Amino acid sequence: MEKAGRAPTIYDVAAAAGVAPSTVSRAFARPGRVSAATAARIHQVAADLGYRVNPLARALQNGASSTVALVVSDVTNPVFFAIIRGVEAAAGAAGYTMMLADTQESESLERTLLDRLLPAVGGIVLASSRLSDRAIRAVAAQRPTVVLNRVVAGTRSVVPDTASGVEAALRQLSEMGHRSVTYVAGPEASWVNGARWRAILDVSGELGLRVARTGPNLPTVSGGLAAAEAMARRVPSAVLAYNDLLAIGLLRGFGQAGIRVPDRTSVIGFDNVFGSDFCSPPLTTVATPLRAMGTAAFQELERAMKAEPLPASPVVSLTSQLVVRGSAGPRSRKRTSPASRTTSVSASASQSPGSTVVGST
């Protein structure tokens, strides 16, 4: 009889069934190696005791699992909320259980967690990984792997359409009369950070915009506060932030310094995370289809776990939309731009409240 308050173990089942623990293990993991009568007795005893097989323990034995892992760089970042829901729902519908791991923006912690997870899961989704391409390919050589928010040669990837998202944001600023934009960069190890900066350089030339860059910065509200403090003496005409958390920090920091947004400077973020419309003013942002990215990531992972061949184009790119709210407005009468270090004059206007979706990018 099991002790009160303690879950029954394989040893309890073995004792009650009168067999060795290894026989119980085989009855659940390799039933063909146990006689039908013995297996039936073991399963009946297990049911009577309330014993449940640990799927991770079985995975360690079999090298396969109905569990998949989603590894995120910072679980407190709301950009991952919808991604998690997308992976979880798609995995559940396919009969898989999702395990979530948080690397806390640490490459070393990510390596440690993956070493522990790889033997116990059937596949891995890496969301905003800070590992090198080589390290990611090493992970993919051990378990089916899909990379989110990054392109790694030889692996399946799901990314937002960075170029057109940047173009929509910069075109909006250009049409509002801005002649220069400062990019508030995110982490150096972020693939998306580099992709957005390259897109800014490409699109700004086409639109005749001068650009500057500041960073790297922590992709957090505190990172945005610090960036706002650094820019307070020379306020940019317009700012494009690496993500919404940085942008929200910028709004707070500018507000504390008495710099009105969008009257004196415009701010645009990326991702359209939960809370981006709660700011004052509400944040204009490039909306990434986050839940759809999570769903697509699991769908790609399932194809990999079924050993389907890697397609000629293993990158799934999902479209974005620019959501115009109150933080972006026409260039003010008088401002100094760090990109040009000149003072320019323009008509002033106010940004209407609310949210507007500008096209599909």
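For the structure itself, consult the block above.
In this text, all values refer to a predicted model and were calculated from it rather than measured experimentally. (Residues numbered from 1 in each chain as written. Predicted model: local features only at pLDDT ≥ 70, side-chain atom pairs only at ≥ 80, totals over all residues. Heavy atoms only, no water.)

(A) How the structure looks around the nonpolar core. Judged by nonpolar contacts, the single largest core of 43 residues is most densely connected at Leu-170, Leu-240, Leu-250, Phe-254 and Val-267. Residues Ile-83, Val-87, Met-98 and Ala-297 belong to the second largest nonpolar core, which totals 24 residues. (Core = buried A, V, L, I, M, F, W, Y, C linked by side-chain atoms within 4.5 Å. Buried < 20%, exposed > 50% of the residue type's maximum accessible area, 1.4 Å probe, protein only.)

(B) Main features of the sheet that holds strand E5 (residues 156-160). With respect to topology, six strands assemble into an open sheet ordered E2-E1-E3-E4-E5-E11, the strand pairing being parallel. Two strands bound the open sheet, and with one partner strand each, they are strand E2 (97-102) and strand E11 (315-318). Averaged over all adjacent pairs, the angle separating strand axes in this sheet is 20°, with direction ignored. Here five bridges tie strand E1 (residues 67-72) to strand E3 (residues 123-127), and the two strands are oriented parallel to one another. Counted as the bridge partner of Val-71 is Leu-126 from E3. Docked against the sheet, helix H12 (residues 290-305) engages E1, E3, strand E4 (145-148), E5 and E11, running at close to 170° with respect to E5. (Pairing = 2+ DSSP bridges. Helix = DSSP H or I, 4+ residues; strand = E, 2+ residues; numbered from the N terminus. Axes fitted to C-alpha atoms, helices over the stretch in contact; angles between N-to-C directions. Contact = heavy atoms within 4.5 Å.)

(C) A look at the packing of helix H10 (residues 221-231) against helix H11 (residues 244-256). Following both chains from N to C, one finds H10 and H11 inclined at 45°, their axes separated by 6 Å at the closest point. The angle between H10 and H11 places the two elements in the oblique class. Classified by chirality, the crossing of H11 by H10 is right-handed. Contact with H10, carried on its side by Val-221, Gly-223, Gly-224, Leu-225, Ala-227, Ala-228 and Met-231, involves Leu-245, Leu-246, Ile-248, Gly-249, Leu-250, Arg-252, Gly-253, Phe-254 and Gln-256 of H11 and no other residues of that element. Partitioned by chemical class, the residues of the contact of H10 with H11 number ten nonpolar, five polar and one charged. (Parallel < 35°, antiparallel > 145°, perpendicular 65-115°, else oblique. Left-handed = near helix turned anticlockwise from the far one by under 90°. Nonpolar A, V, L, I, M, F, W, Y, C, P; charged D, E, K, R; others polar.)

(D) Summary view of unusual backbone geometry. Going from Val-261 to Pro-262, the amide bond is cis rather than trans, its omega being 5°. As for its position among the elements, Pro-262 is in the loop between H11 and strand E9 (266-271). A cis amide bond, omega -5°, links Ser-280 with the succeeding residue Pro-281. Mapping Pro-281 onto the fold places it in the loop between E9 and strand E10 (284-287). The backbone of Glu-105 shows a phi angle near 60°, a positive value even though the residue is not glycine. Structurally, Glu-105 can be placed in the loop between E2 and helix H6 (107-117). Even without being glycine, Asn-272 reaches a positive phi, approximately 55°.

(E) Summary view of the environment of Ala-241. Along the chain, Ala-241 turns up in strand E8 (residues 238-241). Expressed as a C-alpha distance, the spacing of Ala-241 and Thr-214, which sit 27 residues apart in the sequence, is 9.8 Å. In this structure, Ala-241 is in contact with Tyr-183, Val-184, Leu-246, Ala-247, Leu-250, Ile-268, Gly-269 and Phe-270, ignoring residues within four places of it in sequence.

(F) Focus on the pattern of salt bridges. Here the structure, examined in full by the defined rule, presents ten salt bridges. Of the charged contacts in the structure, one is a salt bridge between Arg-130 and Glu-105, with a shortest N-O distance of 2.8 Å. Taken as a pair, Arg-130 in the loop between E3 and helix H7 (133-142) and Glu-105 in the loop between E2 and H6 lie far apart in primary sequence, 25 residues in all. Residue Glu-105 is classed as partly exposed on the basis of its relative accessible area of 30%. Here Lys-306 makes a salt bridge to Glu-302, at a shortest N to O gap of 3.9 Å. One connected set of salt bridges, linked through shared partners, spans Arg-156, Glu-300 and Arg-303. (Salt bridge = Lys/Arg side-chain N within 4 Å of Asp/Glu carboxyl O.)

(G) Quick peek at the packing of aromatic side chains. According to the stated counting rule, one finds three aromatic pairs in the structure shown. Measuring from ring centre to ring centre gives 5.9 Å for Tyr-183 and Trp-197, while their planes differ by 15°; the resulting arrangement is stacked. Here Trp-197 lies in helix H9 (residues 191-207) and Tyr-183 lies in strand E6 (residues 180-184), a separation of 14 residues in the sequence. Both residues of the pair, Tyr-183 and Trp-197, count as buried. (Phe/Tyr/Trp six-rings, centres within 6.5 Å; stacked < 30°, edge-to-face > 60°.)

(H) Structural context of H12. Here H12 is 16 residues long and its end C-alpha atoms lie 23 Å apart, about the 22 Å a rise of 1.5 Å per residue gives. Burial in H12 covers these residues: Leu-290, Met-293, Gly-294, Ala-296, Ala-297, Phe-298, Glu-300, Leu-301 and Ala-304. (Expected span 1.5 Å × (residues − 1).)

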